[in-house]
Amino acid sequence: MKPLKLTMSAFGSYADAQTIDFAELGSGGLYLITGETGSGKTTIFDAISYALFGKASGRARDNYKMLRSDYASGRVKTSVSLDFAAGGAVYNITRAITPHIARKTGETTYTDSVALTLADKTTLDRDREVSAKISEIIGLDRDQFAQIVMLAQNDFLRFLQSGTDERVKILRRIFGTGSLKYFQETLKARSKEASDGLALCRRDFERGGVDPHRREEQFAEWDARIKQDKTALAEADKKLAELDERSEALAARTAVAKELSKKFEGLAATRAALFWHAARMGEMSRLEARRVRGETALRRVKPFADKAAEAENLFASARTELARAKAEAEAALAELAEAKLALSGLPSLDEKRTAFDALKREGEKAAETRGKLTALKTEYDDISAKRAALLTLQKELSDVTGVISGLPALSGEQAALEALKREREEAETLRDALSALNGDYEALITQQARLAALRSEFEKLNLEFSAAESGFNAAEEIFLRGQAGLLARALENGKPCPVCGSADHPAPACPADGSVTENELKKAREEARKARKRREDKSNECAVLRARLDTLRGRFLADLRGVIPGAAEEAGALIKSGLSAANARLAALTEKKADAEKKLSDLTEKWNEATQRRDALSQKRAELRAAAETRAKRFLADALEFIPSGEEGAAGERLAEALALAQAESGKLDARKRADETELARLEREHKATADRNAGAELKNQSARTLAAERERRETEQREKRAHSAEAFAEALRTHNFADEAEYENSLASEEELSAAAKRLSDYEKEGERLKADENRFARETAAQEKPDLEKLAAETEAVNGAKVETRGKRDEVRSRLERTERVYGELRQSAARYAELEKRYAAVKQLSDAANGRLDFETYAQTAYFERVLRAANLRLKAMSQNRYALLRKTDGGDARKRSGLELEVLDSYTGKARSANSLSGGESFLASLALALGLSDVVQRSAGGVRLDAMFIDEGFGSLDPDALELALRTLSDMAGSGRIIGIISHVAELGERVEKRLSVEKTPSGSKIRVI
Amino acid sequence: MKFLHLSDLHIGKSVNGFSMLEEQRHAFRQILGYIEAERPDAAVVAGDVYDRAVPGVEAVRLFDDFLTELSGASVSLLLVSGNHDSPERLNYASRLLSDKNIYICGAFDGELKSVALPDEYGEVRFWLLPFIKPSSARAFFGGRGVESYDDALSAALQSANIDYAARNVLIAHQFFTPARAQPLRSESELSPAGGIDAVSAELISRFDYAALGHLHGAQSVGADNLRYAGSPVKYSLSERRQEKSVTLAELRKKGDLTFAKLPLTPIHDMREIKGELDKLTSREISELADKEDYLRVILTDERELADPMGRLRSVYPNVMALDFENSRTRADISETAGGREQAEALSPYDLFSEFFLEVSGAAMSAEQAEIARELLESAAEAAE
């Protein structure tokens, strides 16, 4: 299986779709996946594992909710799509997790989907189909894959450090030894089956009382017994049939006899009944007579009787009513008289009314007075208050005026300030002048110094110049002498000298000591010239400066004299001290001025404030005063009534007194008024009530009288009617021959009684006829016959039945015995047959089962064999990676069979020659061992599983625990393994690997999910 | 122009857990001695200065000392990075150091740097080419299809427009091979995982001298002017037979090149001994040579040994590796070779036959065989 392209969307730390094209990483070799912690490196392996098998790589990462990316919004589908090649064909498998958000509750549920596209473009999308197909294509299931192809983080140690049980499980899954175990179990089951079968057979024999060894004899015995029983059975059956026939015949005869007997009995009974019937005739005729009479009374006479009774009733009621009406009329009359009397007894209403009105008017007046007084009093109080306020105001005003007078005069202060200001200005001017002067002086000094410097420089240059000049001269001399010397050398006595022309050369020049070339001379000349120029330049500079200096001095002296007349130049030194003094004074004055200014402003403020206040108060006072006066005047005018002129002082008390009086008076009047009011009301009510009563009584009287008259009329009417109906009744009695009313009463019968009587009579007749008919019939039927003897017949029947029962019982016994015997016999025969076969079978299977399930069982044996192979393959690699130091061994100690069955791992350290437990390896060593084991497993699986080719491998971390040498070896081993046909992917954060491994996938964390880049 | 050619210093390297720092220091002292004696104009270091991209503290200190001493000896130093170095880290302060006649080229930036040094015949141009991989070259010459190391190297060299008429010396760190012969290789050289690193030596044949680094054994590549100086210290047991040296090259007029190998002696040598444990740890044998040498020991004892490493280390404290050669190991090898065929899948039936034979001492009867076969088949089916 080689992955070609992986695309992940909303998976793990990848928000949007990220694609890895494995083709970019080449067809063989190692590649490295790097990135920060948590960026999503392991997620890539998870994706591959998930795509293929629907589960993530390590055990802890299985929950697919954990696989969904947190960066993806709730609606985005998580999906992983993997293109891979296996067995020469290219496949694609895509898995997706789709969220569904329930609209009502907002809960999210997830559905998975999977689609596997085969090389011929068909698609499988059912989970189980896909799993099966993947296992087929890749040749590994998920567990094998996880153990061999994908070494997940922290998981690789599992196989190395697990115990035998765990290892057994893992090996079983990987090498499919489960079927061998199943085989073992089956053998055991078969063996048990056979054993059970044998036991069953034996038990059957026991039950049947068969001694397995004497079988045949016993079987023969039984045969004979069976034959016997069969014969007996046949005989019994025959007998039974005979008896049945006989009993049937008897039964028929009995039935006939019974019938005839019944008929004889019937005849006798009918004859008796007829006799009694005749006896009742007399009674019946009497009944008839009574009936006729009763009918007459009921139908002819009763109506009249009823009518008469009714008329009587009506009359009686009319009479009672009349009496009642009369009584009522009388009562009404009495009442009327009473009411009239009451009315006349009441006192007069009008008088009372007038008195009340008068009282009301008085009360009003009193209230008015009281009101007036109250108002006056309020006014008075008000005015007094205002007067008091005025006094306080006055006091305030005088206070303020006092304050104002206390303030010092502004003008004085102002003048002082002015003086100060002027002084300060003067000081400032002085200071400025001094300052300028100081500046000038300093400039002067500086320039003087500079001039001195320049002068010294000039001196120096001058010296230089002289030196150069003399040097030049010397050189020139030498040169010339040299020239001369040269020339002199050429001099020959007698030949003219080229210089002077003389032919006599008394003293030819000697060449000078030292020679000077023309160049050197030129140089010296140049030097001298340069020196001279420099000196001249410098001299000019000095002159310039001196001129400037003179100007400066002139200016300075002029200024100085301006300030200090007649001062000499030396006074310049004093300027500085003068300047500092001036500065100090200026500063002092400035401060003083500031103080004075502040003081002045404060004072001004205070003054303004006070003046303002005073003015305000003044005004207020004036207002108040005016108002108070006007009101006081008005008040006095109003109160004249109560406060006579001249008593103004006591106005307050007077007012109070008057007010109190008025209040009391007013109160009293009010009380009286209220009392009268109630009284009046009551009287009015009484009048009204009495009047009403009167009217009512009148009406009642009227109606009573009318009613009485009516009743009387009715009574008379009814009386007449009664008389009529009595007469009619009497007539009826006579017509129908009733002697008197009493007889009539007696004869009267109700309808029911009449009809009952009629029915009885008719029934009697009918009975008579019926009986006669029966008699005739019976007589006919029994003519010329004899009465049968039933008892004899019954006895016979019983005897036959008894015989039958006995025979049947016997027969049944024999039959059941026979059945039983036959059955048992049959079974035993079968058992015997099986037994022989089973014996043989059992022997064979038991041996197999014992072998397979012995202390060393078959599966373990097989696993051990595989395990050994795995270890061998692993050791090849481990030796390489540990430089021949370590080898993995299967632990072998204990007894013979045990020795071959352990799956414990030990590590042999060739440096010490000792073996120790695999758990004692260090982290790095464990990793190497695990890696070697995984590679070994991979090798063995590929060899034994035939078509499985593992073209890719994934290792997640573990390299961090290796030192550089070990890392090197591990990489080399993996590199060799990868060769050119396999790609091995490594996740590691070890920096060194980044340098060593060429091809890299970088996973970068960004705020919006991780991104993958191929480097 | 006389210059010293060294390479593959691997400062800070440990071999089998033993730090080689002291050996390196010792070698450097000898090199400085040679410089003082021979007074070359320049010293050339052709890569793998450090052993790791981020070297340890001691390593950095040692290199610092070495560099300072070199500079004090007024020798121009030219240095390139190798495949073990981190190019950027080695490049640190290179521009500043160039003022002091120390020319370091760590990272390749698309342009081949050169330094011209004068001698009495004119100028010799030294070309500094640090270790490059196709991926690094691709970034600069990408459009021209750079796939292999050959492509990368030729692209880099072409871009420099070298005037081969003048005298040129190349300083490079790659794996050059001549067309025919296989070069001498040792375990301690790294090959990049997942790639072929060989470059044809044709590409550099026109240089007057190529001062190369990468292979740890001093050797020429085809022609004498293309030389690997080799590592100054033995860095793996596979180098134990080599003689370590630095190369002193002298280039006069064009075409007139001579070189000599200046030998370096280690503090402790690296060698291999073989024999039985008792013999090897006995006085006579151990006194024969320096007991503190770095050893690979091959034990030939037939019997099981208790704590062989402990006993060896008590006599030879610097035992690096331990191997065994006895009849068992020989059997193992053949077993693994033979075992491969044998380990083909045994069918469950065969497996069971063997198993039965072993457990019960006899073969199965015909009937039993039949039962076993049938059940195994059904078990296999049931398991699916």
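Fair warning: this is a prediction, and the values are worked out from it, not measured in the lab.

Caption draft 1: Highlighting the overall build of chain B. On a plain count of helices and strands, chain B comes out with 12 helices and 19 strands. Within the span of chain B, comprising 384 residues, buried residues form 50% of the whole. Long-range pairs, those at least 24 residues apart, make up 68% of the contacts in chain B with a sequence separation of at least 6.

Caption draft 2: Here's a closer look at the overall build of chain A. Looking only at helices and strands, chain A has 22 helices and 15 strands in total. Relative to its 1015 residues, chain A shows a buried fraction of 36%. If you take every contact in chain A between residues at least 6 apart in sequence, the share linking residues at least 24 apart comes to 76%. Surface summary for chain A: the accessible area is close to 59400 Å², and the carbon and sulfur share equals 52%.

Caption draft 3: Region of interest: the side chain of Ser-7 of chain B. Residues and elements named next belong to chain B. Mapping Ser-7 onto the fold places it in the loop between strand E1 (2-6) and strand E2 (14-15). Looking at Ser-7, its side chain comes within polar contact range of the side chain of Asp-8, at 2.8 Å. In this structure, Ser-7 is in contact with Ala-46, Gly-47, Leu-212, Gly-213, Ala-229, Gly-230, Ser-231 and Pro-232, ignoring residues within four places of it in sequence.

Caption draft 4: The arrangement of the pattern of salt bridges in detail. Residues and elements named next belong to chain A. A complete count under the given rule lists 77 salt bridges over all chains for this structure. Among the ionic pairs, Arg-811 bridges to Asp-237, the shortest N-O distance being 2.8 Å. Taken together, the positions of Arg-811 in helix H17 (residues 790-852) and Asp-237 in helix H8 (residues 215-279) put the pair 574 residues apart, joining distant regions of the chain. On the basis of relative accessibility, which here comes to 14%, the residue Arg-811 falls in the buried class. Put simply, Glu-710 and Arg-713 hold a salt bridge, and the shortest N to O gap is 2.5 Å. Taken together, the positions of Glu-710 and Arg-713, both in helix H14 (residues 651-735) and three residues apart, correspond to about one turn of that helix. Under the relative-accessibility criterion, Arg-713 is labelled partly exposed at 46%. A network of salt bridges, in which partner residues are shared, links Glu-288, Arg-291, Glu-295, Arg-299 and Glu-751.

Caption draft 5: A look at the nonpolar core. Residues and elements named next belong to chain A. Membership of the largest hydrophobic core comes to 99 residues, with the highest contact counts inside it found for Leu-6, Leu-52, Phe-84, Ile-93 and Phe-959. Here this core gets 11 residues from one element, more than from any other, and that element is helix H20 (residues 923-944). Each of domain 1 (1-149 + 952-965 + 977-1015) and domain 2 (157-201 + 855-949) contributes no fewer than three residues to this core. Setting aside its immediate chain neighbours within four residues, Leu-6 contacts Gln-18, Thr-19, Ile-20, Phe-22, Ile-44, Ala-47, Ile-48, Val-80, Ser-81 and Leu-82.

Caption draft 6: Representation of helix H1 (residues 41-53) of chain A in the model. Residues and elements named next belong to chain A. Counted at 1.5 Å a residue, the expected span for H1 with its 13 residues is 18 Å, and the 19 Å between its end C-alpha atoms agrees. By the criterion of burial, H1 is predominantly enclosed, with 13 of the 13 residues buried. Just downstream of H1, Gly-54 is the residue with a positive phi angle, here 80°.

Caption draft 7: Spatial organisation of the pairing of strand E19 (residues 319-324) of chain B. Residues and elements named next belong to chain B. Within E19, five of the six residues are buried, which leaves it mostly tucked inside the rest of the structure. Inspection of the sheet shows strand E18 (residues 294-299) paired to E19 by five bridges, in the parallel sense. Looking at E19, one finds that Ile-298 is bridged to Asp-323.

Caption draft 8: The arrangement of the interface of chain B and chain A in detail. Contact residues are listed per partner, giving 55 residues for chain B and 40 residues for chain A. At the boundary of chain B and chain A, one finds one salt bridge. With a shortest N-O distance of 4.0 Å, Arg-190 of chain A and Glu-374 of chain B are connected by a salt bridge. Across the contact surface, chain B and chain A share seven residue pairs in polar contact (both at pLDDT 80 or more). Of all elements in the fold, only helix H9 (308-315), E19, helix H10 (327-342), helix H11 (348-360) and helix H12 (366-383) of chain B reach the threshold of two or more residues within the side of chain B that touches chain A. The element best represented in the side of chain B that touches chain A is H12 of chain B, accounting for 12 residues. Considered class by class, the residues forming the side of chain B that touches chain A number 31 nonpolar, 11 polar and 13 charged.

Caption draft 9: Region of interest: the packing of helix H5 (residues 134-141) of chain B against helix H6 (residues 149-159) of chain B. Residue and element names in this part refer to chain B. Closest axis-to-axis distance for the H5/H6 pair is 9 Å, and the angle between their directions is 45°. In terms of orientation, H5 and H6 fall into the oblique class. Here H5 runs over H6; the crossing is left-handed. Across from Pro-134, Ala-137 and Phe-141 in H5, the residues of H6 making contact are Tyr-149, Ala-152, Ala-155, Ala-156 and Ser-159. Partitioning the contact of H5 with H6 into residue classes produces seven nonpolar, one polar and no charged.

Caption draft 10: How the structure looks around the packing of aromatic side chains. Under the criterion given, the structure shown has 22 aromatic pairs over all chains. Geometrically, the ring pair formed by Phe-22 of chain A and Tyr-31 of chain A is edge-to-face, given 6.1 Å between the ring centres and 65° between the ring planes. Each ring, one from Phe-108 of chain B and one from Phe-140 of chain B, has its centre 5.6 Å from the other, and the planes form 85°; the classification is edge-to-face. Pair noted here: Phe-108 of chain B is in the loop between strand E6 (102-105) and strand E7 (113-119) and Phe-140 of chain B is in helix H5, with a separation of 32 residues, a long-range link. Taking the relative accessible area as the measure of exposure, Phe-108 of chain B reaches 12% and is therefore buried. Among the residues examined, Phe-140 of chain B registers a relative accessible area of 40% and is labelled partly exposed. By the ring-pair criterion, three or more aromatic residues cluster together here, those being Phe-183, Phe-858 and Tyr-861 of chain A together with Phe-352, Phe-355 and Phe-356 of chain B. The side chain of Arg-293 of chain A reaches across the aromatic face of Phe-738 of chain A, ending 4.5 Å from its centre. Over the ring of Tyr-349 of chain B we find Arg-373 of chain B, and its NZ or CZ is 4.2 Å from the ring centre.

Caption draft 11: Geometry of the sheet that holds strand E4 (residues 78-86) of chain A. Residues and elements named next belong to chain A. Pairing in this open sheet of six strands is antiparallel, and the strands run E2-E1-E4-E5-E6-E7 from one edge to the other. Single-partner strands in this sheet number two, and they are strand E2 (18-21) and strand E7 (123-124). With two bridges connecting them, strand E6 (residues 108-117) and E7 associate as antiparallel partners. Residue pairing in the sheet places Thr-117 in a bridge with Thr-123 of E7. Where H1 meets the sheet, its contacts fall on strand E1 (2-9), E2, E4 and strand E5 (89-101), and the angle it forms with E5 comes to roughly 100°. Contacting E4, E5, E6 and E7, helix H3 (residues 127-138) crosses the sheet at an angle of about 45° to E6.

Caption draft 12: Examining the packing of helix H6 (residues 164-175) of chain A against helix H18 (residues 858-881) of chain A more closely. All names here are of chain A. At a minimum axis separation of 10 Å, H6 and H18 run at an interaxial angle of 85°. Here H6 lies roughly perpendicular to H18, going by the angle between them. Contact residues: H6 offers Arg-167, Val-168, Leu-171, Arg-172 and Phe-175, while H18 offers Glu-859, Gln-863, Tyr-866, Phe-867 and Val-870. Grouping the amino acids of the contact of H6 with H18 by side-chain chemistry returns six nonpolar, one polar and three charged.

Caption draft 13: How the structure looks around the confidence of the model for chain B. All names here are of chain B. Here chain B averages 85 in pLDDT, and 90% of its residues register 70 or above. Across chain B, the element-wise mean pLDDT spans from 60 in H10 up to 94 in strand E4 (residues 42-46). Taken together, the chains of this predicted complex give a pTM of 0.50 and an interface ipTM of 0.71.

Caption draft 14: Geometry of the pairing of strand E5 (residues 76-80) of chain B. All names here are of chain B. The buried fraction of E5 is high, at five of five residues. Residues Ser-76, Leu-78 and Val-80 line one face of E5 and the alternating positions Leu-77 and Leu-79 line the opposite face, and both faces are buried. When E4 meets E5, the two strands line up parallel, connected through five bridges. What sits directly across from Ala-43, in E5, is Leu-77. The β-α-β motif built from E4, the intervening helix H2 (residues 57-72) and the parallel element E5 has right-handed crossover chirality.

Caption draft 15: Region of the structure containing the sheet that holds strand E15 (residues 245-251) of chain B. Residues and elements named next belong to chain B. Reading across from one edge, E6-E5-E4-E1-E15-E16 is the order of the six strands in this open sheet, with mixed pairing throughout. Either end of the sheet is taken by a strand with one partner, and the two such strands are E6 and strand E16 (257-263). Within this sheet the neighbouring strands show an average axis-to-axis angle of 20°, counted without direction. Looking at chain direction, E1 and E4 are connected through four bridges and run parallel. Along E4, the bridge assignment pairs Phe-3 with Ala-42. Set on the sheet, helix H1 (residues 21-38) makes contact with E1, E15 and E16; between it and E1 the angle comes to about 170°. Seen against the sheet, H2 touches E1, E5 and E6 and runs at an angle of roughly 145° to E5.

What counts, and at which threshold
- Per-chain numbering applies: the sequence of each chain, read as written, is numbered from 1 onward.
- Going through the entries in the order they are written, you letter the chains from A and number the ligands from 1.
- Local features in this predicted model are restricted to residues whose pLDDT is 70 or higher, and side-chain atom pairs enter the listing and the counts only when it is 80 or higher, whereas totals over whole chains, interfaces and linings include all residues.
- Only heavy atoms go into the side-chain values, all of them from the structure, while hydrogens and water stay out.
- Here a helix means four or more residues in a row that DSSP labels H or I, a strand means two or more in a row labelled E, and each is numbered from the N terminus.
- Under the scheme applied here, a residue whose accessible area is under 20% of the maximum for its type counts as buried, over 50% as exposed, and between as partly exposed, the area being computed with a 1.4 Å probe on protein chains only.
- What makes two residues a contact is simply this: any of their non-hydrogen atoms within 4.5 Å.
- To measure how exposed things are, a 1.4 Å probe is used in the Shrake-Rupley method; for residues, cover is taken only from the protein chains shown.
- Under the rule applied, a polar contact is a pair of N or O atoms within 3.5 Å (in protein, one hydrogen donor and one hydrogen acceptor; residues adjacent in sequence only if both atoms are side-chain atoms).
- Salt bridges, as used here, are contacts in which a Lys or Arg side-chain nitrogen is within 4 Å of a carboxyl oxygen on Asp or Glu.
- To form a nonpolar core, buried Ala, Val, Leu, Ile, Met, Phe, Trp, Tyr and Cys residues must be joined to one another through side-chain atoms within 4.5 Å.
- Here the limits of each domain have been adopted from an automatic or database domain assignment.
- Helix span, expected: 1.5 Å multiplied by one less than the number of residues in the helix.
- The criterion for strand pairing is that DSSP finds at least two bridges linking the strands in question.
- Polarity classes work like this: nonpolar for Ala, Val, Leu, Ile, Met, Phe, Trp, Tyr, Cys and Pro, charged for Asp, Glu, Lys and Arg, and polar for all others, with Gly in that last group.
- Axis lines are fitted through C-alpha atoms, for helices just across the contact stretch, and the angle between N-to-C directions can take any value from 0 to 180 degrees.
- In these notes the angle categories are as follows: under 35 degrees is roughly parallel, over 145 is roughly antiparallel, 65 to 115 is roughly perpendicular, and the rest is oblique.
- Each crossing is labelled by how the near helix is turned from the far one, with a counterclockwise turn of less than a right angle marking it left-handed and a clockwise turn marking it right-handed.
- Aromatic rings from Phe, Tyr and Trp, taking only the six-membered ring of Trp, are treated as a pair when their centres fall within 6.5 Å; an angle between ring planes under 30 degrees marks them as stacked, one over 60 as edge-to-face, and anything in between as tilted.
- Criterion for a charge above a ring: Arg CZ or Lys NZ at most 6 Å from the ring centre, at most 35 degrees from the ring normal.
- Every residue carries a pLDDT, the predictor's confidence in it, which falls somewhere between 0 and 100.
- With the strands aimed away from the viewer, a crossover counts as right-handed if its path from the first strand over the helix to the second runs clockwise.

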